Amino acid sequence: MPTLETKNIKKHFEGVKAVDGLSLKFEAGQITGVVGPNGSGKSTLVNLLTGMAPYQDGEVIFSGAEGLRKLLPHEVANYGVARTFQDVRLFEQMPVLDNILVVLTERGVFSSIFERHGDFHLAQAEEVLRKVGLWSKRNELAVNLSYGQRKLLEIARVLAMIFGRGASIVFLDEPFAGLFPEMIKVVVSVLEELKQQNRTIILIEHNMELIRQLSDHVYVLDAGQELAAGKPEKALGRPEVIEAYLGE
Ligand code: ADP
Ligand code: MG
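Residues numbered from 1 in each chain as written. Chains lettered and ligands numbered in written order. Predicted model: local features only at pLDDT ≥ 70, side-chain atom pairs only at ≥ 80, totals over all residues. Heavy atoms only, no water.

Asker: So what's going on with the site of ligand 1? Which residues, and what values?
Answerer: As a structural note, the neighbourhood of ligand 1 is formed by Phe 13, Val 16, Ala 18, Pro 37, Asn 38, Gly 39, Ser 40, Gly 41, Lys 42, Ser 43 and Thr 44. Gly 39 places a polar main-chain atom, nitrogen or oxygen, 2.8 Å from an oxygen atom of ligand 1. A distance of 2.8 Å separates an oxygen atom of ligand 1 from a polar side-chain atom of Lys 42. Its free accessible area being 560 Å², ligand 1 has 59% of it covered by the protein chains. Taken together, the elements giving at least two residues each to the shell around ligand 1 come down to β2 (16-22) and α1 (42-49). If you tally residues by element for the shell around ligand 1, the top one is α1, at three residues. Residue composition of the shell around ligand 1, by class: four nonpolar, six polar and one charged. (Near = heavy atom within 4 Å. Polar contact = N/O pair within 3.5 Å; in protein donor to acceptor, adjacent residues only side chain to side chain. Areas by Shrake-Rupley, 256 points an atom, 1.4 Å probe, with all protein chains shown as cover. Helix = DSSP H or I, 4+ residues; strand = E, 2+ residues; numbered from the N terminus. Nonpolar A, V, L, I, M, F, W, Y, C, P; charged D, E, K, R; others polar.)

Written out as structure tokens, the structure is:
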């Protein structure tokens, strides 16, 4: 399973240095936490590493079964990556089940609505929806789900991306925000399972207790730069990290 590495990558928006020279390494079979105050560049980093926005400088290096490969900004989306969005993005007017089938079949919204799905895809959809406790909601439109259920559906979509595309690198942008304790448990168990499968997991999260509990390694960002890195118990206790959060 692959490792993803960045060397001095940058993304500036007219005067705002959102990501300002980050050199990070995300190892397979580990959960790497990325934390930092609001506006420190976490979501921008995820956008750069999932091909949602092109990085402007530096390098992204993917090391998989075929060895090392430098990924140009436009290639970043296509190396086997799955993600969730901080601001949950679903096909709102489609049933829960179809939100998953679209990802599993990856043939675009229209063909996957109109084609008849094989038992194979349906069985996979059932598996991922049961895992997050949403199988009984499969015929509800996504728009009608509660906030927490929507976040769980995004997690189910990530699991479907793993089935559908064989994604091995998984980015989760604040997956726990606003979840009830029972739902947090569901997401934790999904993360632990992905880790056991030796996938490369990048977890952006504000809840420090969960970061401490789950991360093998953590990067603390501030104003687009690395403020601290290391094992969570060490990195998060550093005075400069505590100070960066005091202004929050
Ligand atoms: P975080 O996820 O850590 O809260 P973001 O990556 O969302 O931080 O934002 C980092 C900085 O970049 C912020 O100052 C934000 O306002 C700015 N930023 C992010 N996206 C854009 C954009 N598309 N255009 C202009 N500024 C942006
Ligand atoms: Mg963010």
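Asker: Describe the packing of helix α5 (residues 147-165) against helix α6 (residues 181-196), with residues and values.
Answerer: Contact geometry of α5 with α6 gives a least axis separation of 10 Å together with a crossing angle of 15 degrees. Here α6 runs roughly parallel to α5, going by the angle between their axes. The two elements α5 and α6 cross, and the hand of that crossing is left-handed. Residue-level contacts link Gly 148, Gln 149, Leu 152, Ile 155, Leu 159 and Ile 162 of α5 to Met 183, Val 186, Val 187, Val 190 and Leu 194 of α6. Here the residues of the contact of α5 with α6 sort into nine nonpolar, two polar and no charged. (Axes fitted to C-alpha atoms, helices over the stretch in contact; angles between N-to-C directions. Parallel < 35°, antiparallel > 145°, perpendicular 65-115°, else oblique. Left-handed = near helix turned anticlockwise from the far one by under 90°. Contact = heavy atoms within 4.5 Å.)

Asker: Describe the layout of surface pockets, listing the residues and the values that go with them.
Answerer: Here the idea is plain: a probe the size of a water molecule rolls over the atoms and shows the empty space left. Estimates place the volume of the largest pocket at around 290 Å³. Together, 14 residues line the largest pocket, and Met 52, Arg 83, Phe 85, Met 161 and Arg 165 are the ones closest to its centre. Broken down by secondary-structure element, the contributors of at least two residues to the lining of the largest pocket are β7 (81-83) and α5. Examining the composition of the lining of the largest pocket, we find that four residues originate from one element, α5, more than from any other. Considering only residue class, the lining of the largest pocket consists of six nonpolar, three polar and five charged. (1 Å grid on protein atoms, 1.4 Å probe; cavity = no way out; pocket = protein on both sides within 12 Å on 5 of 7 lines; lining within 4 Å. Points joined across faces, edges and corners; volume = space filled by probe spheres on them.)

Asker: Could you give an account of the packing of helix α2 (residues 96-105) against helix α4 (residues 119-131), with specific residues and numbers?
Answerer: Orientation of α2 relative to α4, taken along the N-to-C sense of each, is 120 degrees, at an axis distance of 10 Å. By the angle between their directions, the pair α2 and α4 is classed as oblique. For α2 against α4, the interelement crossing comes out right-handed. Every residue of α4 that contacts α2 at Val 96, Leu 97, Ile 100, Leu 101, Leu 104 and Thr 105 is listed here: His 121, Leu 122, Gln 124, Ala 125, Val 128 and Leu 129.

Asker: Break down the environment of Tyr 55 for me, citing the residues and quoting the values.
Answerer: Along the chain, Tyr 55 falls in the loop between α1 and β5 (57-64). Linking Tyr 55 and Ile 184, residues 129 residues apart in sequence, is a C-alpha distance of 32 Å. With residues up to four places along the chain from it excluded, the contact list for Tyr 55 reads Ile 9, Lys 10, Leu 48, Val 60, Leu 71, Leu 72, Pro 73 and Val 76.

Asker: Help me get a handle on the sheet that holds strand β9 (residues 200-204), residues and values and all.
Answerer: The strand order β7-β8-β9-β4-β10-β11 describes an open sheet built from six strands, whose pairing is mixed. Strand pairing shows two members of the sheet lacking a second neighbour, β7 and β11 (225-230), which therefore form its edges. On average, adjacent strands in this sheet sit at an angle of 20 degrees to one another, irrespective of strand direction. Against the sheet, α6 touches β4 (31-35), β8 (169-173) and β9, its axis set at about 150 degrees to β9. (Pairing = 2+ DSSP bridges.)

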